[in-house]
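So you can see what is in the structure, the chains are spelled out below.
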Amino acid sequence: MKARVVLLAMLILALGIPAGAGSSQAKHNSVASLSPQAVLDWNANAVSLVLLAQHPREVTPPATRSLFQGEGSLYVSYVQAAVYNAAVAIGGRYEPYGFSLFAPEGASADAAVAQAAHDVLAYYLTPMLTAAQVAMLDGWLTTSLGAIPNGQAKTDGISVGQAAALGVEAIRSNDGRDGPEGNYGTGPIAPGAWVLTPGPFTFAQTPWLGSMHPFVLESAGQFKAKAPPGLSSDKWAKDFNETKAYGRVDSGIRTDDQKRTAYFWNGNVTNQFNRELRDAATQYDMDLVDAAHLLAAGDLAAEDAAMATWHAKYTYLFWRPLTAIRNAGIDGNSKTASDSTWAPLLTHPNHPEWPSAHGSVSGALTQVLAEVLGTKDVNLTIWGGENGSAALTTSRHYDSIGDIRDEVANARVWGGFHYRSATGAGLNLGEKVAHWDLQHAFRRVKGGD
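Note that the coordinates shown come from a computational prediction; the quantities given were computed from them, not determined experimentally. Residues take numbers from 1 onward in each chain, read along the sequence in its written order. Residues qualify for local features only when their pLDDT is at least 70, as the model is predicted, and side-chain atom pairs are given and counted only at 80 or more; totals for whole chains, interfaces and linings, by contrast, use all residues. Heavy atoms from the whole structure form the basis of all side-chain values; hydrogens and water molecules are not counted.

A.B. asks: Talk me through the packing of aromatic side chains; I want residue IDs and the actual numbers.
C.D. replies: Each Phe, Tyr or Trp ring, with Trp reduced to its six-membered ring, pairs with another whose centre is within 6.5 Å; inter-plane angles below 30 degrees give stacked pairs, above 60 give edge-to-face pairs, and intermediate values give tilted ones. By the definition in use, this model includes 22 aromatic pairs. Taking the centre distance of 5.6 Å and the plane angle of 80° together, the rings of Trp-236 and Phe-318 count as edge-to-face. Pair noted here: Trp-236 is in helix 7 (residues 234-246) and Phe-318 is in the loop between helix 10 (288-316) and helix 11 (321-326), with a separation of 82 residues, a long-range link. Counting every residue linked through ring pairs, the aromatic cluster contains Tyr-75, Tyr-78, Tyr-84, Tyr-97, Tyr-123, Tyr-124, Phe-215 and Phe-442. Whether a charge lies above a ring is judged from NZ of Lys or CZ of Arg, which has to be within 6 Å of the ring centre and within 35 degrees of the ring normal. The ring of Phe-215 carries the charged tip of Arg-172 above its face, separated from the ring centre by 4.2 Å. It is Lys-313 that lies over the ring of Trp-310; its NZ or CZ is 5.7 Å from the centre. To qualify as a helix, a DSSP run of H or I must reach at least 4 residues; to qualify as a strand, a run of E must reach at least 2; elements of each kind are numbered from the N terminus.

Here it is as structure tokens:
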């Protein structure tokens, strides 16, 4: 792998020029008439493989575990970065991400997209896939390229895609992925302090995500999430008591519709958000370049928001509702009361509570949608889960970005995951990250069509 990255850096120097230089102007190759299907299909392929991948880390061999959602979205983001660069190398319209590539006149955008996505997936995921799954990935490429007539356009498109993949692998080498685990959540219970909660894993979930080098942000700690409320405050008591009442597994206050909402937003984030982006690209009749732009901006900004959130989580190390409610007697607040039998509707993930990760990535994704579409009034159908399942088996329609954000915030409280203030802090953080990212990357070039 390291040798390939070195070759990649050499290839970029040979074929590419610094991002933002002359090749980022409007291209001579017109792709306005091209269907976005290659971009949409390969995004779906990437998500499918990420959901199948099995990681050996933190699990005693020969056992493995599925990728956590933040990890899965990271790998899809690598793919979308390469697909985006391949698309804009041929079609122009937007600034490339990180580096520019030369695309010969007439190069096939479909071939470039397929090859870029395939190569990034093969590079990162092959160690986590079975031989049959690797063969499936190769088969997807064969099918995609087989639908394109042989000739110079196809050959050139494949070369552009290969270079785009190598470029992303080079600029993301040593970015902190799979970094040190640290020792978190194993101390004695103390007021406000996060500890591991009962579940399938006995280790802190991906603390290294908060120390990674982001895709666009200068650092994961560039934007500071608001701190949790003091345990003696009325705000803490209000947050505590709302989650205690509405988030418990057998709540007598939570309505059936509120319960369904909590389950809806428990769908796998990597799958849910990428389907949301694909559906938006289709709904708004985007071509290949615009679809690649939306998916890259959405995935990379949301993953930057996740990194910012993990940085905050492992800075504040704030306790989850299960720990707080069962041990309220130590928080020093007369307006909170412990309940040793309290359990959440949905099992807590093993990372600290503050701020809400789902709130943050939702804030980022919806901010990208609002800025790319040019409106907060949308017409989107989103797919989600039912009865606690992560599979996407039901859908809801939304008319505005605000409706989506409000429902995500409610869902995290009604599911017993978070406190109300943590969802607001997450949404605000994600919105700030995405807005900053879009001011510094994925911008339309002067003279772009």
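A.B. asks: Which residues make up the pattern of salt bridges, and what values go with them?
C.D. replies: Between Lys or Arg on one side and Asp or Glu on the other, a salt bridge is scored when a side-chain nitrogen of the former is within 4 Å of a carboxyl oxygen of the latter. In this structure the tally under the stated criterion is 18 salt bridges. With its nearest N and O atoms 2.7 Å apart, the salt bridge here joins Arg-420 to Glu-242. One end of the pair, Arg-420, is in helix 14 (residues 420-440); the other, Glu-242, is in helix 7, with 178 residues separating them in the sequence. Each residue is placed in one exposure class: buried if its accessible area under a 1.4 Å probe, protein chains only, is under 20% of its type's maximum, exposed if it is over 50%, and partly exposed if it falls in between. When its relative accessible area of 25% is taken as the criterion, Arg-420 is described as partly exposed. Here Asp-339 ties to Arg-248 by a salt bridge, and the two come within 2.9 Å at their closest N and O atoms. Highlighted residues: Asp-339 in the loop between helix 11 and helix 12 (357-373) and Arg-248 in the loop between helix 7 and helix 8 (256-264), separated in sequence by 91 residues. Classification of Arg-248 by relative accessible area gives buried; the value is 18%. Within the structure, one salt-bridge network assembled from shared partners comprises Arg-57, Glu-58, Arg-65, Glu-71, Arg-177, Asp-178 and Glu-181.

A.B. asks: Please set out the confidence of the model for the chain residue by residue, giving values where relevant.
C.D. replies: Overall, the predicted model of the chain reaches an average pLDDT of 93, with 92% of residues at or above 70. In the model, residues 12-26 has pLDDT below 50 throughout and makes 32 contacts with residues more than four positions away in sequence or in other chains. pLDDT runs from 0 to 100 and stands for how confident the predictor is about each residue. A contact between two residues is defined here by any heavy atoms of the two lying within 4.5 Å.

A.B. asks: Describe in detail helix 12, supporting the description with residues and values.
C.D. replies: Along an α-helix, residues three or four apart share an orientation, since each turn contains 3.6 residues. Multiplying one less than the number of residues by 1.5 Å gives the expected span of a helix. Taking 1.5 Å as the rise per residue, helix 12 with 17 residues should run 24 Å; its terminal C-alpha atoms sit 24 Å apart, in good agreement. Counted residue by residue, helix 12 has 15 buried out of 17 residues, so it is predominantly covered. Backbone nitrogen of Gly-359 and a side-chain oxygen of the N-cap are separated by 2.9 Å at the start of helix 12; the cap is Ser-356. Throughout this description, a polar contact denotes any pair of N or O atoms lying within 3.5 Å of each other; where both atoms belong to protein, one of them has to be capable of donating a hydrogen while the other can accept it, and for residues adjacent in sequence the pair is counted only when both atoms sit in side chains.

A.B. asks: Residue-level account of the packing of helix 3 (residues 69-91) against helix 10, with values.
C.D. replies: Convention adopted: a line fitted to C-alpha atoms gives each axis, helices being fitted over their contacting stretch, and angles between N-to-C directions are expressed from 0 to 180 degrees. Helix 10 packs onto helix 3 with a crossing angle of 145° between their chain directions and a minimal axis gap of 8 Å. The interaxial crossing formed by helix 3 with helix 10 has left-handed handedness. When helix 3 is examined against helix 10, the residues Gly-70, Ser-73, Leu-74, Val-76, Ser-77, Gln-80, Ala-81, Val-83, Tyr-84, Ala-87, Val-88 and Gly-91 are found in contact with a partner set consisting of Leu-288, Val-289, Ala-292, His-293, Leu-295, Ala-296, Asp-299, Leu-300, Glu-303 and Met-307. Residue composition of the contact of helix 3 with helix 10, grouped by class: 14 nonpolar, six polar and two charged. Crossing handedness follows the turn of the near helix against the far one: under a right angle anticlockwise gives a left-handed crossing, and clockwise gives a right-handed one. Under the grouping applied here, Gly and all other residues not named as nonpolar or charged are polar, the nonpolar ones being Ala, Val, Leu, Ile, Met, Phe, Trp, Tyr, Cys and Pro and the charged ones Asp, Glu, Lys and Arg.

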